[in-house]
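# Structural features, examined
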Amino acid sequence: MDGSRRGLDDTTLLCFINTLATPSALAPGSISRLDLSHTPLRVEAAAALGDALARFDGVRTLRLRGCALGERGLHFFIIALCRVQQEKDDGPAANRAGGGASAVADSGVIIAEAKEARLGAADSVASRATQPGVRRTRAEAAPVSGSAPSLTHLELAENGLGDAGAVQIASHFGRLSALQWVDLGHNQLGAAGGAAVGAAAAVHPSLQTLILASNRLTDADGVAIADALRSGSSRLISLDLEANDIADGALSALLRFAAVGQSLQALHLSANSIGTDGARALASHLIAHPEGPMRSIGLSNNPLGEAGVKAIAVAVRGHAALVELSMLGTGASDADSDAIAEAIAHNRASERQRRAAATKLLVRAASAALSGDGVSTAALPAAPEAAP
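## A word on the nonpolar core
With 86 residues, the main nonpolar core has Leu64, Phe77 and Ile312 as its most contacted residues. Not counting the four nearest positions on each side in its chain, Ile312 is found in contact with Ala279, Leu282, Ala283, Leu299, Leu304, Leu325 and Met327.

## Regarding the packing of aromatic side chains
A complete count under the given rule lists 0 aromatic pairs for this structure. Positioned above the aromatic ring of Trp181, the side-chain terminus of Arg63 is 5.0 Å from the ring centre.

## Brief notes about helix α10 (residues 219-231)
Since there are 3.6 residues in each turn of an α-helix, residues three or four apart along the chain are aligned in direction. The end-to-end C-alpha separation of α10 is 18 Å, in line with the 18 Å expected for 13 residues at 1.5 Å each. All of the buried residues in α10 are Asp221, Gly222, Ile225, Ala226, Ala228 and Leu229. Across the axial projection of α10, the buried residues extend over an arc of 160 degrees, all falling on one side. Opposite the buried face of α10, at more than 90 degrees from it, the exposed residues are Ala220 and Ser231.

## Some points on the packing of helix α11 (residues 248-261) against helix α12 (residues 276-288)
The interhelical angle for the contact between α11 and α12, taken along N-to-C directions, is 15 degrees, at an axis separation of 8 Å. The orientation of α11 with respect to α12, classified from their angle, is roughly parallel. The two elements α11 and α12 cross, and the hand of that crossing is right-handed. When α11 is examined against α12, the residues Asp248, Leu251, Ser252, Leu255, Ala258 and Ala259 are found in contact with a partner set consisting of Asp277, Gly278, Ala279, Ala281, Leu282 and His285. Its residues assigned to classes, the contact of α11 with α12 comprises 7 nonpolar, 3 polar and 2 charged.

## Examining helix α13 (residues 305-317)
In this model α13 runs 19 Å from its N-terminal to its C-terminal C-alpha over 13 residues, within 8% of the 18 Å that 1.5 Å per residue would give. Along α13, the residues classified as buried are Gly308, Val309, Ile312, Ala313, Ala315 and Val316. End-on, the buried residues of α13 take up no more than an arc of 165 degrees, which puts them together on one face. Facing away from the buried side of α13, by more than 90 degrees, are the exposed residues Glu306, Val314 and Arg317. Packed against the buried residues of α13 are α12, β9 (324-326) and α14 (334-371).

## Description of the packing of α13 against α14
At a minimum axis distance of 9 Å, the contact between α13 and α14 shows a crossing angle of 25 degrees. Between α13 and α14, the crossing angle belongs to the class labelled roughly parallel. With respect to the hand of their crossing, α13 and α14 are arranged in left-handed fashion. Residues Val309, Lys310, Ala313, Val316 and Arg317 of α13 form the contact with α14, whose own contacting residues are Asp336, Ala339, Ile340, Ala343 and Ile344. Grouping the constituent residues of the contact of α13 with α14 by class yields 7 nonpolar, no polar and 3 charged.

## Re the confidence of the model for the protein chain
With 77% of its residues at a pLDDT of 70 or more, the protein chain has an overall mean of 82. When the criterion is pLDDT under 50, residues 92-105 qualifies, and its contacts beyond four places in sequence or with other chains add up to 15 contacts. Low pLDDT, under 50, characterises residues 118-148; the predicted model gives this stretch 60 contacts beyond four residues in sequence or across chains.

## Regarding the sheet that holds strand β6 (residues 238-240)
Read across the open sheet, the 9 strands follow the order β1-β2-β3-β4-β5-β6-β7-β8-β9; overall the sheet is parallel. Either end of the sheet is taken by a strand with one partner, and the two such strands are β1 (33-35) and β9. The average angle at which neighbouring strand axes cross in this sheet is 0 degrees, direction not considered. Looking at chain direction, β1 and strand β2 (residues 61-63) are connected through 3 bridges and run parallel. Pairing of Arg33 across the sheet is with Thr61, part of β2.

## Examining unusual backbone geometry
With an omega of 15 degrees, the peptide bond running from Gly292 to Pro293 counts as cis. Although it is not a glycine, Gln262 sits at a positive phi angle of roughly 55 degrees. Considering the arrangement of structural elements, one finds Gln262 in the loop between α11 and β7 (266-268). Positive phi outside glycine occurs at Asn301, with the angle close to 60 degrees. A relative accessible area of 48% places Asn301 in the partly exposed class.

Rules of the game
Residues numbered from 1 in each chain as written. Predicted model: local features only at pLDDT ≥ 70, side-chain atom pairs only at ≥ 80, totals over all residues. Heavy atoms only, no water. Core = buried A, V, L, I, M, F, W, Y, C linked by side-chain atoms within 4.5 Å. Buried < 20%, exposed > 50% of the residue type's maximum accessible area, 1.4 Å probe, protein only. Contact = heavy atoms within 4.5 Å. Phe/Tyr/Trp six-rings, centres within 6.5 Å; stacked < 30°, edge-to-face > 60°. Lys NZ or Arg CZ within 6 Å of the ring centre and 35° of its normal. Helix = DSSP H or I, 4+ residues; strand = E, 2+ residues; numbered from the N terminus. Expected span 1.5 Å × (residues − 1). Arc of directions from axis to C-beta. Axes fitted to C-alpha atoms, helices over the stretch in contact; angles between N-to-C directions. Parallel < 35°, antiparallel > 145°, perpendicular 65-115°, else oblique. Left-handed = near helix turned anticlockwise from the far one by under 90°. Nonpolar A, V, L, I, M, F, W, Y, C, P; charged D, E, K, R; others polar. pLDDT = per-residue confidence, 0-100. Pairing = 2+ DSSP bridges.

Right, dumping it as structure tokens:
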């Protein structure tokens, strides 16, 4: 479902939340992608949405960009969303005994607390969410299952979360164990928020893409994130730190993480403060790892300097895996730009050839299997993955 073009109005949002929370209204798995971007979510509506998603099985991608959640709205949303896993961790005995988990598990308590914290007008969706019809829907809903939340993609960009909101979401990363892709860009995250998210990402079992673009992260914050990822043995594939204040120290630390983990394929650092030393460090990394795994790098609008650009241009010529490299606004000369473009074009052509060859082998193997020749595909090469 996509309500992101203009955002949903209050009435439509209320009806949708009620439908999502009603067990018989939708078949499990009937909605796998939900986009409510630019729909205002005050604290009580956020809590009701989290509760509904905890009850409904099947939403894998959730986009809440520009929903004005704030730290308070996120707090109630994430608690309601994760209460299923809390119940599972504490067990039924703890809930029956009225232990500490009961307040978290009780959606009515969560929504009531959100109502008290509400900062909206009296006629907002937050106030209407507690009218008798809405509360009756919550009370009549079937007990939630014991399965963990199934979200794999979560976008929370442009919500004014700040450091407090970042700490909130980071503290619940472990309960959202299926997450693969998280966007926390444009949220004014600073040192505390960056450190919390970096530490949580470092130990997350399935997180592959982390977007922290357009925040307030300094070079020291970038170093802290990189060191956390390296110490936690993160298997992150793509990291976006564009439009912060990342400089040479953070880039060097990120390259150390990339060298140790051997998982990072995409590093987006455009519009930062990376200079000649950082460019030279990147060049050294590319020379030391000519077969990858680094495949996509964004460095546009960084003051790399002529010497830094030349170092990268030389390194790229000997790097077989790099298929994307943005260098606009770095002071690159026409000659260096042409050399880089030629090397990237060569790598892309080589990748297309490898893909074509792998596809032919797979087709031949499939044909042989259908004809009964019994040819095994175990030794066949897999097609190269596309750049993240």
